[in-house]
Amino acid sequence: MGASSGIGEALAKQLVATGYRVALVARRQDRLNALCETLNATTPGTPVALAYAHDVGAYDEAPALFARIAADVAPLRLVIYGAGIMPATTTGGSFVDERAMIETNVIGAMRWLGLAADHFERAGAGTLMGISSVAGDRGRPGNGAYQASKAALSSYLDSLRFRLKPKGVRVVTIKPGYVATPMVAGTPTPKALTASADVAARDIVRASRGGSPVAYVPGFWRPIMWVIRHAPASMVARIK
């Protein structure tokens, strides 16, 4: 989910390169079609990439679409929720913007991850991944609604992990830092701390194969966020 640009697009390319057949879900049909055409051109014959135009805010449509996808790419082994929005402002924008973030980043995620959780629980196997953010590790000055949406997603993934581990299902929380994607276009980010979408996708694919249930992307964010989580509030208040 969220496959038409940024980390999602890079993930699709890397998964196909490593032998996966992928179902790509996003709102923009034209972007999905172009990406599928590129991916399918690399392997003549059976398509390795299938496009499904869908807005994750259309919650009632999700069950039927999930069932269709699960049948089209059976056996379904890996589900990644990467859809997310963030307004181009340091304050979070209007209430309309904030509500849209919660609807996409949290409720949409819960809808799709919940469907995938039920599917993998019945199968007794599978890997479920959600792309959260370091922004959810601790509230800081700035875009509070975005931070809250990612904190909620991380907590939801934690809960799924406790539920599904005894069933043989792996749940992985991905926490990227700054990644050069259209979401942050026009927003100044520290060059030394900003990864490319390809680097982020590489680390996410690696995390899908095993290791920690919580993966910081890139890995240098783990100690950075440890400091921020444990820093005094007076210090955190000065972080920009």
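An account of the accompanying structure is given in this report.

Parameters and conventions
Residues numbered from 1 in each chain as written. Predicted model: local features only at pLDDT ≥ 70, side-chain atom pairs only at ≥ 80, totals over all residues. Heavy atoms only, no water. Buried < 20%, exposed > 50% of the residue type's maximum accessible area, 1.4 Å probe, protein only. Helix = DSSP H or I, 4+ residues; strand = E, 2+ residues; numbered from the N terminus. Pairing = 2+ DSSP bridges. Axes fitted to C-alpha atoms, helices over the stretch in contact; angles between N-to-C directions. Contact = heavy atoms within 4.5 Å. Core = buried A, V, L, I, M, F, W, Y, C linked by side-chain atoms within 4.5 Å. Expected span 1.5 Å × (residues − 1). Salt bridge = Lys/Arg side-chain N within 4 Å of Asp/Glu carboxyl O. 1 Å grid on protein atoms, 1.4 Å probe; cavity = no way out; pocket = protein on both sides within 12 Å on 5 of 7 lines; lining within 4 Å. Points joined across faces, edges and corners; volume = space filled by probe spheres on them. Nonpolar A, V, L, I, M, F, W, Y, C, P; charged D, E, K, R; others polar. Parallel < 35°, antiparallel > 145°, perpendicular 65-115°, else oblique. Left-handed = near helix turned anticlockwise from the far one by under 90°.

### What to know about the pairing of strand β5 (residues 170-176)
By the criterion of burial, β5 is predominantly enclosed, with 6 of the 7 residues buried. Taken together, the 5 bridges between strand β4 (residues 127-131) and β5 define a ladder with parallel strand orientation. Looking across to β5, one finds that T127 is bridged to R170. Here β5 pairs with strand β8 (residues 214-217) via 4 bridges, running parallel. Along β8, the bridge assignment pairs P176 with V217.

### Some words on the sheet that holds β5
Here 4 strands make up an open sheet; going across it, the order is β3-β4-β5-β8 and the pairing parallel. In this open sheet, the two edge strands, each paired with only one partner strand, are β3 (78-81) and β8. Taking the axes of each pair of neighbouring strands and ignoring which way they run, one obtains an average angle of 20° across the sheet. Where β3 lies against β4, 4 bridges are found, and the strand directions are parallel. When the bridges of β4 are listed, Y81 appears paired with G130. Relative to the sheet, helix α5 (residues 144-164) contacts β4, β5 and β8, its axis offset from that of β5 by approximately 160°. Running at roughly 160° to β5, helix α6 (residues 197-209) makes contact with β3, β4, β5 and β8 of the sheet.

### A closer look at the nonpolar core
In this structure, L11, L24, M129, I174 and I204 are the most contacted members of the largest nonpolar core, which totals 31 residues. For this core, the secondary-structure elements that each account for two or more residues are α1 (6-17), β1 (22-26), α2 (29-40), β3, β4, β5, α6 and β8. Judged by nonpolar contacts, the second largest core, of 29 residues, contains A62, L113, L128 and V169.

### Topic: α5
With 21 residues, α5 ought to run about 30 Å at 1.5 Å a step, and its terminal C-alpha atoms sit 30 Å apart, in line with that. Taken residue by residue, α5 has A145, Y146, Q147, S149, K150, L153, S154, L157, L160, R161 and L164 as its buried positions. Those residues of α5 that are buried are in contact with α4 (95-123), β4, β5 and β8.

### A few points about the pattern of salt bridges
Enumeration according to the criterion identifies 11 salt bridges in this entry. Taking the shortest distance from any N to any O, the salt bridge between K13 and E9 comes out at 3.5 Å. Of this pair, K13 and E9 both sit in helix α1, separated by 4 residues, roughly a single helical turn. Residue classification places K13 among the partly exposed residues on the basis of a relative accessible area of 40%. As a salt-bridge pair, K175 and D137 come within 2.7 Å of each other at their nearest N and O atoms. Of this pair, K175 sits in strand β5 while D137 sits in the loop between β4 and α5, placing them 38 residues apart in sequence. In this structure D137 comes out as buried when scored by relative accessible area, which is 15%. Each of E9, K13 and R31 takes part in salt bridges that share partners, so that together they form one network.

### Quick notes on the layout of surface pockets
Each pocket or cavity is described by its volume, and for the second largest pocket that value is around 530 Å³. Taken together, 26 residues form the lining of the second largest pocket, with R21, V22, A23, L76 and L78 sitting closest to its centre. Listing elements by their share of the lining of the second largest pocket, those giving two or more residues are α1, β1, α3 (62-72) and β3. Considered class by class, the residues forming the lining of the second largest pocket number 21 nonpolar, 3 polar and 2 charged.

### Quick word on the packing of α1 against α6
Their axes nearest at 8 Å, the elements α1 and α6 cross at an angle of 60°. With respect to each other, α1 and α6 are oriented oblique. Viewed along their axes, α1 and α6 form a crossing whose handedness is right-handed. Facing G6, I7, A10, L11, Q14 and L15 of α1, the residues of α6 in contact are A197, D198, A200, A201, R202, I204 and V205. Grouping the constituent residues of the contact of α1 with α6 by class yields 9 nonpolar, 2 polar and 2 charged.

Keep in mind these numbers describe shape, not what the thing actually does.
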